[in-house]
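So you can see what is in the structure, the chains are spelled out below.
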Amino acid sequence: MDNIYLQQTLPQVFADFNITTSDIWLKSVCFNKGEFYLIEAASGTGKSSLCSYLYGIRRDYEGSFLFDRTNIKEYSITQWTNLRKESLSLLFQDLRLFPELSALENVLLKNNLTHFKTVKEIESLFDAMDIKDKINIKAGKLSFGQQQRVAFIRSLCQPFDFILLDEPISHLDDKNGVIMGEIIVDEAKKQQAGVIVTSIGKHIELPYHTILKL
Amino acid sequence: MRLIWKLLREHISIGQLIGFFCANLFGMIIILLSVQFYKDILPLFTEGDSFMKKDYLIVSKKISTLGTFSGKSNTFTPEEISDLKQQSFTKTVGIFTPSQFKVSAGLGMQEAGIHLSTDMFFEAVPNEFVDINLEKWQFDSNTKVIPIIIPRNYLNLYNFGFAQSRSLPKLSEGLMSLIEMDITMTGNGRSEQFKGNIVGFSNRLNTILVPASFMDWANKEFASDEVSHPARLIVEVKNPADPTIASYFQKNGYESEDGKLDAGKTAYFLQLIVGIVLSIGLFITILSFYILMLSIFLLLQKNTTKLENLLLIGYSPFKVALPYQILTLSLNFLVFILAIGSVYYLRSYYMEAVSMIFPQLPSNNLFPTIYIGLSLFAVVSTMNIIVISRKVKAIWIHN
């Protein structure tokens, strides 16, 4: 997948409002592979909705999303499953970890599916994100900031053309935010992937090509 | 897989699964045992004439003293036959064609120096009533061998009466079918030699039966052209316990040879009772299926968030449904194995008693029961698998 096109898209709940200031809703937007995008938004402007639409979780929008000219409404369950395994990664805002599994198991659950990273690589990512000592602790017992880092590591355990990061550093301190930024740049370069980051204020420092206001 | 199982096994209710397991096992045992019992016991009532169709009656007119003296015919007219054909209980009617020539048969064993010879007769019924390999039931004009079915009583008469009193060797059915009889047919001014080969023994047909095609040919060759009316009819009925049969026979002064209706009736009631028990077993099985489905639905409902998240991180609905499908499949399979085992065990109990009372009962095997159990297992499991897949897909769509 090389491009993501948005054509006159708008969440259905916004249909009655007069949207004029957005760079995305009701506009034609194109995200290219290999480029970095920051989407800045005030809360309630549909930031997580956008991620849900792109990831195939929700379809309550008008207009159309195209992946390489294919309307994503036409994707089958199998196509979505493959997409989520091989070309599109999402760091959920609400993380969606499994609290009863340990931090490592949460990551392995994804990696067992893709076999993308070795256990060693995963461990070194835990190390880099400064949560090596939490590796065998149940995810439910971790703080939200720690969980955010586990979910981030999990989102890296797959090949991707685009990675969507929905408020990735909302609960991280600056130091960890910087480390996360470095890892993202590193991974994106390796895979020549596009990075789409959303933020409602504090945003992760990346060499953005484009900054859009939602 | 291990991790998924670790996630999804949570909220599994052991109590519910045990409930399902017991109910399903119970239902399955009832179904399989009744089938097995039916298979085992039925031969008692049908007295296996393996080569005759099941539900038929042999009908003749009553022979009364008055009738004999007044010369009243005891044969059936074509009108009477067609009337019988039109009765609601009738499936098909066949006529016994008697031989209209003289037959004498000899049985010889040169080595033993025995030669028995007797005058006798042949009768034939249409091939459709004789459930024997048609290749065997064919007159071969080259070798001149006639296949014959004789009443089992004849053999008993010889073995227990004649042979006993004269210290002659007893003959088994197998040996009898190896012996060739010399048959001489005389009529129409001709006489010809044939060989007879016994291909079967009948408990229910009190006659010496030859193939219908042979009879037609022989009657043409050895008898004058006169048409004879049949004295006996063979009637295939839909249900031998039908009360209209008895009343129709009584009205027309027919009788059916000895108590064949009774065996039919008993077999019918056996069918009825087994049918009732079978449906109870089926009912329990269906209920247990519902218990399992409810339990699995509840489980899926409780684990919805987890299933959703698994689907979101790239697990296919197939992979997510698989652990639950394996769970139900193994439960069903365990039930199947245990049910077959129990039937085997229970069967050995009643078979011991039954074989003491009826030692001649042919021994059956468990295979039909295993087939039925296997197909039940397949049907229930397929339904489980489909329902679970659809439920998981529904979670996806809901997303």
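All of these numbers come straight from a predicted model, not from anything done at the bench.

1. Structural notes on the overall build of chain B
Next up, step 1: A count of helical and extended segments in chain B gives 12 helices and 11 strands.
Next up, step 2: Out of the 399 residues in chain B, the part that is buried amounts to 45%.
Next up, step 3: For chain B, contacts bridging at least 24 residues in sequence account for 81% of all contacts bridging at least 6.

2. A word on the pattern of salt bridges
Next up, step 1: Applying the stated criterion across every chain, the model contains 21 salt bridges over all chains.
Next up, step 2: In this structure, Lys175(A) engages Asp130(A) in a salt bridge whose closest nitrogen and oxygen atoms are separated by 4.0 Å. One end of the pair, Lys175(A), is in helix H6 (residues 174-191); the other, Asp130(A), is in the loop between helix H4 (119-128) and helix H5 (144-156), and 45 residues separate them in sequence.
Next up, step 3: Assessed through its relative accessible area of 54%, Lys175(A) is described here as exposed.
Next up, step 4: Among the ionic pairs, Lys144(B) bridges to Glu192(B), the shortest N-O distance being 2.6 Å. Taken together, the residues span a long stretch of sequence, with Lys144(B) in the loop between strand E6 (123-124) and strand E7 (145-151) and Glu192(B) in strand E9 (residues 190-202) at a distance of 48 residues.
Next up, step 5: What makes Lys144(B) partly exposed here is its relative accessible area of 28%.
Next up, step 6: Residues joined by salt bridges that share partners form a network here, namely Lys144(B), Arg190(B), Glu192(B) and Glu221(B).

3. Some points on the packing of aromatic side chains
In this description, a pair of aromatic rings is defined by centroid distance and the angle of the planes.
All names here are of chain B.
Next up, step 1: On inspection of all chains with the given rule, the structure shows 31 aromatic pairs over all chains.
Next up, step 2: Between Phe 333 and Phe 377, the ring centres sit 5.5 Å apart and the planes meet at 65 degrees, which makes this aromatic pair edge-to-face. Of this pair, Phe 333 sits in helix H11 (residues 317-357) while Phe 377 is found in helix H12 (residues 367-398), placing the two residues 44 residues apart along the sequence.
Next up, step 3: Over the face of the ring belonging to Phe 194 we find Lys 144, whose NZ or CZ atom lies 5.4 Å from the ring centre.
Next up, step 4: Its end group placed over the ring of Phe 222, Arg 190 keeps NZ or CZ at 5.0 Å from the ring centre.

4. Focus on the sheet that holds strand E11 (residues 254-256) of chain B
The strands making up a sheet associate through backbone hydrogen bonding, with each pair oriented either parallel or antiparallel.
Residue and element names in this part refer to chain B.
Next up, step 1: Read across the open sheet, the 4 strands follow the order E2-E10-E1-E11; overall the sheet is antiparallel. Strands at the two margins of the open sheet, each flanked by one partner only, are strand E2 (90-95) and E11. For this sheet, the mean inter-axis angle between neighbouring strands, taken without regard to orientation, is 30 degrees.
Next up, step 2: Relative to strand E10 (residues 232-237), strand E1 (residues 56-61) runs antiparallel, the two sharing 5 bridges.

5. Describing the interface of chain B and chain A
Next up, step 1: Residue-level contacts link 21 residues of chain B with 21 residues of chain A.
Next up, step 2: When chain B packs against chain A, the two sides together hide about 2000 Å² of surface, and 65% of this comes from carbon and sulfur.
Next up, step 3: For chain B, the biggest contributors to the area lost against chain A are Leu3(B), Leu312(B) and Ile313(B); these three give 34% of the whole.
Next up, step 4: Summed over the shared surface of chain B and chain A, the result is 3 salt bridges.
Next up, step 5: Ionic pairing is found between Glu105(A) and Lys6(B), a salt bridge with its closest N-O pair at 2.8 Å.
Next up, step 6: There are 7 residue pairs in polar contact (both at pLDDT 80 or more) connecting chain B and chain A.

6. Some details on helix H1 (residues 47-54) of chain A
Residue and element names in this part refer to chain A.
Next up, step 1: For H1, the buried fraction is high: 7 of the 8 residues fall into the buried class.
Next up, step 2: Residues of H1 that are buried: Lys 47, Ser 49, Leu 50, Cys 51, Ser 52, Tyr 53 and Leu 54.
Next up, step 3: Positive phi shows up at Gly 56, right after H1, with a value of about 80 degrees.

7. What to know about the pairing of strand E8 (residues 180-187) of chain B
Residues and elements named next belong to chain B.
Next up, step 1: For E8 and E9, the ladder comprises 8 bridges, and the chain directions are antiparallel. Residue pairing in the sheet places Met 185 in a bridge with Glu 192 of E9.
Next up, step 2: With antiparallel pairing between neighbouring strands as the criterion, E8 and E9 make up a hairpin whose turn holds 2 residues, including Asn 188 at a positive phi of roughly 55 degrees.

8. Some words on the nonpolar core
What tends to happen in soluble globular proteins is that the nonpolar side chains get buried as a cluster.
Next up, step 1: Core analysis: the largest hydrophobic core is formed by 120 residues, its most contacted members being Phe31(A), Phe67(A), Leu109(A) and Phe126(A).
Next up, step 2: Here this core takes 10 residues from H11(B), the largest share from any one element.
Next up, step 3: If we ignore the near neighbours within four places in the chain, the residues touching Phe67(A) are Met1(A), Asn3(A), Ile4(A), Leu54(A), Ile72(A), Tyr75(A), Trp80(A), Leu83(A) and Leu88(A).
Next up, step 4: Counting 29 residues, the second largest nonpolar core, distinct from the first, contains Ala105(B), Leu171(B), Phe201(B) and Phe222(B).

9. Comments concerning the confidence of the model for chain B
Interpretation of this model should avoid reading the predicted coordinates in detail wherever pLDDT is low.
Residues and elements named next belong to chain B.
Next up, step 1: Per-residue pLDDT for chain B averages 82, and the proportion of residues at 70 or more is 86%.
Next up, step 2: Mean pLDDT values over the elements of chain B span from 66, in helix H3 (residues 65-70), up to 91, in helix H10 (residues 304-312).
Next up, step 3: Across the predicted assembly, pTM comes out at 0.66 and ipTM at 0.92.

10. Focus on the pairing of strand E3 (residues 36-40) of chain A
Residues and elements named next belong to chain A.
Next up, step 1: Counting buried positions along E3 gives 4 out of 5 residues, so the element sits mostly inside the fold.
Next up, step 2: Two elements, E3 and strand E8 (residues 194-199), share 5 bridges in a ladder whose sense is parallel. Bridge assignment links Tyr 37 to a residue of E8, and that residue is Ile 196.
Next up, step 3: In this sheet, strand E9 (residues 210-213) lies alongside E3 in parallel orientation, the contact comprising 4 bridges. Note on E9: the bridge partner recorded for Leu 38 is Ile 211.

11. Points about the confidence of the model for chain A
Next up, step 1: Of the residues in chain A, 100% have a pLDDT of 70 or more, and the chain-wide mean is 92.
Next up, step 2: Per-element mean pLDDT across chain A ranges from 91 in H1(A) up to 95 in H5(A).

12. Some remarks on a nonpolar patch on the surface
Next up, step 1: Taken together, the side chains of Tyr268(B), Phe269(B), Leu272(B), Ile273(B), Ile276(B), Val277(B) and Ile280(B) make up a nonpolar region of the molecular surface, amounting to roughly 620 Å² of accessible area.
Next up, step 2: By secondary structure assignment, the location of Ile276(B) is in helix H9 (residues 260-302).

13. Some words on the sheet that holds strand E2 (residues 28-32) of chain A
Residue and element names in this part refer to chain A.
Next up, step 1: Pairing within the open sheet is antiparallel, and its 4 strands lie in the order E2-E1-E4-E5. A single partner strand is all that each edge strand has here, and the edge strands are E2 and strand E5 (70-71).
Next up, step 2: Judged from the 6 bridges that link them, strand E1 (residues 3-11) and strand E4 (residues 61-67) form a sheet pairing that is antiparallel. Bridge assignment links Leu 10 to a residue of E4, and that residue is Glu 62.
Next up, step 3: Relative to the sheet, H1 contacts E1 and E4, its axis offset from that of E4 by approximately 50 degrees.

Quick notes on the rules
Residues numbered from 1 in each chain as written. Chains lettered and ligands numbered in written order. Predicted model: local features only at pLDDT ≥ 70, side-chain atom pairs only at ≥ 80, totals over all residues. Heavy atoms only, no water. Helix = DSSP H or I, 4+ residues; strand = E, 2+ residues; numbered from the N terminus. Buried < 20%, exposed > 50% of the residue type's maximum accessible area, 1.4 Å probe, protein only. Contact = heavy atoms within 4.5 Å. Salt bridge = Lys/Arg side-chain N within 4 Å of Asp/Glu carboxyl O. Phe/Tyr/Trp six-rings, centres within 6.5 Å; stacked < 30°, edge-to-face > 60°. Lys NZ or Arg CZ within 6 Å of the ring centre and 35° of its normal. Pairing = 2+ DSSP bridges. Axes fitted to C-alpha atoms, helices over the stretch in contact; angles between N-to-C directions. Buried area = accessible area lost by both parts, 1.4 Å probe. Polar contact = N/O pair within 3.5 Å; in protein donor to acceptor, adjacent residues only side chain to side chain. Core = buried A, V, L, I, M, F, W, Y, C linked by side-chain atoms within 4.5 Å. pLDDT = per-residue confidence, 0-100. Patch = residues over 30% accessible without salt bridge, like charges linked within 9 Å, V, L, I, M, F, W, Y side chains within 5 Å. Areas by Shrake-Rupley, 256 points an atom, 1.4 Å probe, with all protein chains shown as cover.

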